[in-house]
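Breakdown of the fold
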Amino acid sequence: MKIQALTFHSVIVLLFVATGSVVSAQDYHDQQDYYGHEEQDNLYQDYAQHQQVKAQGGGGGMVKSLAFGAAGWFIGGKIHSKRAVKKANKKATEDLQGLYTRYVKDVTMLQTQNAELEAYIKQSSKQQLVEEFLQADVDNNRQVSRAEYERHKNQYLSKHPEFVGQFPRFEDFDPDGNGMITIAEHENYYEQRGMI
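This section reports on the structure supplied with the text. (Residues numbered from 1 in each chain as written. Predicted model: local features only at pLDDT ≥ 70, side-chain atom pairs only at ≥ 80, totals over all residues. Heavy atoms only, no water.)

So, on to a nonpolar patch on the surface. Together, Trp73, Phe74, Ile75 and Ile79 line one region of the surface with nonpolar side chains, adding up to about 500 Å² of accessible area. Following the sequence through the fold, Ile75 ends up in helix H3 (residues 61-136). (Patch = residues over 30% accessible without salt bridge, like charges linked within 9 Å, V, L, I, M, F, W, Y side chains within 5 Å. Areas by Shrake-Rupley, 256 points an atom, 1.4 Å probe, with all protein chains shown as cover. Salt bridge = Lys/Arg side-chain N within 4 Å of Asp/Glu carboxyl O. Helix = DSSP H or I, 4+ residues; strand = E, 2+ residues; numbered from the N terminus.)

As structure tokens, this is what we get:
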């Protein structure tokens, strides 16, 4: 009984599958008739024809490849060159700013050195003038009389004859006319002439 039941079920399933296949084939055949003529599936034929054209060098495959390659190279070059120019400009700007900063720093340092040097020269000149004044002040009373001045003038001109017509007069150092030259009057004479 089991064998009969199994066979009966197998037969029914087999009939069901066979019926479905026949109906499906009939629908495909009906669709071909629907268009009025029977068309064959030519997908493979289209593929084969395309491969044959490609093998013969037709279809512009190589030209397309070259065109796309050239366009990619050109656009890539433009993008790269813009980046390179931007990077170079940034570096140049940074270098210029660094150079300008260094220039300002160097100029400031030179101005400071010049001011220090000028102060040193002025101080040295004053010191030299004080020493010259003290050489002329024989009696060490911090004042130079006309006799002390003339004695110092003659000693100086004997050592430096090139200043014979250029040595200042006693009256130039003694503006108040009291007959004595003080250290202040001596320094004022040289300051008025821009020598210290």
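For the rest of this paragraph, the subject is the packing of aromatic side chains. For the structure shown, the criterion picks out eight aromatic pairs. Ring centres 5.5 Å apart and planes at 65 degrees place the aromatic pair Tyr149 and Phe170 in the edge-to-face group. Of the two residues, Tyr149 sits in helix H4 (residues 146-159) while Phe170 sits in helix H5 (residues 170-173), which places them 21 residues apart along the sequence. Like Tyr149, the residue Phe170 is buried in the burial classification. Linked through ring pairs, Tyr149, Tyr156, Phe163, Phe167, Phe170, Phe173, Tyr189 and Tyr190 together constitute an aromatic cluster. (Phe/Tyr/Trp six-rings, centres within 6.5 Å; stacked < 30°, edge-to-face > 60°. Buried < 20%, exposed > 50% of the residue type's maximum accessible area, 1.4 Å probe, protein only.)

Here we come to H4. Side chains that are three or four residues apart share a direction in an α-helix, a result of its 3.6 residues per turn. For H4, spanning 14 residues, the distance from its first C-alpha to its last is 20 Å, which sits close to the expected 20 Å at 1.5 Å a residue. Buried residues of H4: Glu148, Tyr149, His152 and Leu157, and no others. Burial along H4 is one-sided: seen end-on, the buried residues are contained in an arc of 155 degrees. Along H4, exposed side chains directed more than 90 degrees from the buried face belong to Ala147, Asn154 and Ser158. (Expected span 1.5 Å × (residues − 1). Arc of directions from axis to C-beta.)

This structure, assessed with the given rule, holds six salt bridges. Here Asp106 ties to Arg102 by a salt bridge, and the two come within 3.7 Å at their closest N and O atoms. Of this pair, Asp106 and Arg102 are both found in helix H3, four residues apart, which corresponds to roughly one turn of the helix. Put simply, Arg146 and Glu171 hold a salt bridge, and the shortest N to O gap is 2.7 Å. Taken together, the residues span a long stretch of sequence, with Arg146 in helix H4 and Glu171 in helix H5 at a distance of 25 residues. A relative accessible area of 40% means that Arg146 is categorised as partly exposed. Taken together, the shared-partner salt bridges connect Arg146, Arg169, Glu171 and Asp172 into one network.

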